[in-house]
Amino acid sequence: MKTGWWRNAVVYQVYPRSFMDSNGDGIGDLPGLLQRLDYLQWLGVTVIWLCPMFRSPNDDNGYDISDYQDIHPEFGTMADLDRLLEELHRRGMRLVLDLVLNHTSDEHPWFIESRSSRDNPRRNWYVWRDGRNGGPPNNWESIFKGSAWAWDEATGQYYLHLFTRRQPDLNWENPEVRTAMAAMVRWWLDKGVDGFRIDAVTHMKKAPGFPDAPNPQGLEFAPAYGCHMCVPGVLDFVDELARTSFARYDVMTVGEANGVSAAQAVEWVGEDRGRLDMILQFEHWHLWSNQPRVALDVRALKTILTRWQLALAESGWNALYLENHDLPRVLSRWGDTVRYRYESATALAAMYFLMRGTPFIYQGQELGMANTVFTSLDDFRDRFAYNRIERMRAAGMDDADILAEMSLTARDNSRTPMPWNNGPNAGFTTGIPWLAVNPEYPAINVATEREEPRSVLNFYRALIALRTTEPVLAHGRYRLVAKRHPQVYAYLRESEEGRFLVVCNLTAEPATFSHRAFPWQRVKLRLGNYPTPRDEGEWGVLRAFEARVVEVG
Ligand code: GLC
Ligand code: CA
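Residues numbered from 1 in each chain as written. Chains lettered and ligands numbered in written order. Predicted model: local features only at pLDDT ≥ 70, side-chain atom pairs only at ≥ 80, totals over all residues. Heavy atoms only, no water.

Asker: How should the site of ligand 1 be read in this particular structure?
Answerer: Looking at ligand 1, there are 13 residues lining it, with Asp60, Asp199, Glu256, His325 and Asp326 nearest. His103 places a polar side-chain atom, nitrogen or oxygen, 2.9 Å from an oxygen atom of ligand 1. For ligand 1, whose unbound accessible area comes to 310 Å², protein coverage reaches 96%. Partitioning the shell around ligand 1 into residue classes produces three nonpolar, three polar and seven charged. (Near = heavy atom within 4 Å. Polar contact = N/O pair within 3.5 Å; in protein donor to acceptor, adjacent residues only side chain to side chain. Areas by Shrake-Rupley, 256 points an atom, 1.4 Å probe, with all protein chains shown as cover. Nonpolar A, V, L, I, M, F, W, Y, C, P; charged D, E, K, R; others polar.)

Right under this line is the structure:
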């Protein structure tokens, strides 16, 4: 029976490599995570989404899986995973795993067999094609740059890889692949995991016939959006997987859904569809990534997020997030790290966290972490970063410009080790961390912020407590107010259980704001990031990045 428990949840995303190292090898691990469960419980989050901890050669930090039913030795053992599950459940918390279905590692036994000869029974488990005119079968570009096809010398064909060349795409058209995947998913469900975040779920279907992508820019390889993202029929794969696995269990599923528009969202998460519970949409991410050097357009953000709120108001549910392991830190994207660090981190937090949906926090976000400092191109660890650096060099960019670009946009920004205290290596490891700690750790760390009442960490904790104790903040209707205000994001949450107004100035300039229906005399400030205004005049002006969460009578 489906209870929908995840609607009341607060999800915390753990990137295991960077969370806590227990044995001094510089790499976070499951025993390390176990040591920090008390912290997560204190914070108040109820679900851990654990990024891949499966056996993997680690070409894309675990998103290249060579055994779905084993643990990567650097992270520990299956006994550690069982213990994690048990310890979380004992605390009333839950565990959600990261399910990478679109591709495996090239070291997965299935791929090793598949590439061994053209007539191997597993040949058709992956996507193999002959070349064309001495080159790849078509002009598709990998999401991680370069051709999406890799040449296999031994069998004289190309295989498809939408991500790195060590992440060959599975052929989901093959029913044997679908059956094997469903069996693997059930194996984890029977073990007691509480759900999945499904990686790259919109990419599982490829356009029949593998046609060239339209390429008006005349690039060497065309961004293949129409060809392997949201291709009609992809939902049939999701349907079948749901039917044969997770729909039978009381678990949560959230799909990583690049390309899905708000208008299409109900198809993916509408309750009567029985597919997924939530999707992680990309539109507000693209608002930044399309123009990473431009200040936040508050109105555009309101338009996007409100569109998603309204699209799923009747059926379906939103996943609310600002950060993850693929994005630079939100404070560096949209906040003010210099003058209004606390204020901007907390205003952004209040803005997204209290909308209708399940909020997600990415590790370190609750500390107000910012991007790290890279001093050379050797500082990067991400394969995608290497590919980008190589391409920019080939295009003639000089290293200083490449470093500036990467410092702004690289995924490694958010993958630096979790800063636990102001000791050596921020308390993350006694060894040498696999990726250098963020140099801000002496001030931005768990231990220091726990002691400081006015810290980003304590604000997040208060926000979680509020979201958890006020049912209207989980379930109430969402209504945007002051739609055209260029600085302020304000919205109401309403139900029979109460009414809240969330008002956030997302700029460094003061902003006037009043709401005719809710004069400030009639409201009660439940959470804010400045001292409570004392008079009418102070109530009417929001200071730089001021956020107010008020209960309206
Ligand atoms: C998803 C993951 C990302 C990974 C990619 C390939 O986008 O979030 O980290 O590199 O899929 O698996
Ligand atoms: Ca370790």
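Further notes follow.
Asker: Explanation requested: the coordination of the calcium ion (ligand 2) in the structure shown.
Answerer: Six octahedrally arranged donors around a metal ideally form angles of 90 or 180 degrees; four tetrahedrally arranged donors ideally form angles of 109.5 degrees. Those donors, Asp21 (OD), Asn23 (OD1), Asp25 (OD), Ile27 (O) and Asp29 (OD), are the protein atoms that reach the calcium ion (ligand 2), and they lie 2.3 to 2.4 Å from it. Donor residues for the calcium ion (ligand 2), ordered by position in the chain, follow D-x1-N-x1-D-x1-I-x1-D. For Asp21, a relative accessible area of 5% corresponds to the buried category. (Donors = N, O, S within 2.8 Å, 3.2 Å for Na, K, Ca; no water. Buried < 20%, exposed > 50% of the residue type's maximum accessible area, 1.4 Å probe, protein only.)

Asker: Looking at this model, I keep getting lost on helix H5 (residues 175–191). Mind explaining?
Answerer: Counting along an α-helix, one turn takes 3.6 residues, and residues three or four places apart therefore face a common direction. Its 17 residues place the ends of H5 25 Å apart at the C-alpha level, agreeing with the 24 Å of an ideal helix rising 1.5 Å per residue. The complete set of buried residues in H5 reads Val177, Arg178, Met181, Ala182, Met184, Val185, Trp188 and Leu189. Looking straight down H5, one finds its buried side chains confined to an arc of 160 degrees; they lie on one side. Opposite its buried face, H5 presents the exposed residues Thr179 and Asp190, each directed more than 90 degrees away. The N-terminus of H5 is capped by Asn174, whose side-chain oxygen sits 2.9 Å from the backbone nitrogen of Glu176. (Helix = DSSP H or I, 4+ residues; strand = E, 2+ residues; numbered from the N terminus. Expected span 1.5 Å × (residues − 1). Arc of directions from axis to C-beta.)

Asker: Could you clarify how one ought to interpret the nonpolar core in this entry?
Answerer: As a rule of thumb, soluble globular proteins bury nonpolar side chains together. By size, the foremost hydrophobic cluster in this structure holds 147 residues, and its most contacted members are Tyr12, Trp188 and Met351. Sorting elements by how many residues they give to this core places helix H12 (residues 341–353) first, with nine residues. Setting aside anything within four residues of it in sequence, one finds Met351 in contact with Leu301, Leu305, Leu322, Tyr489, Tyr491, Cys504 and Leu506. Among the nonpolar cores identified, the runner-up in size contains 17 residues, and Trp140, Ala148, Ala207 and Cys227 belong to it. (Core = buried A, V, L, I, M, F, W, Y, C linked by side-chain atoms within 4.5 Å. Contact = heavy atoms within 4.5 Å.)

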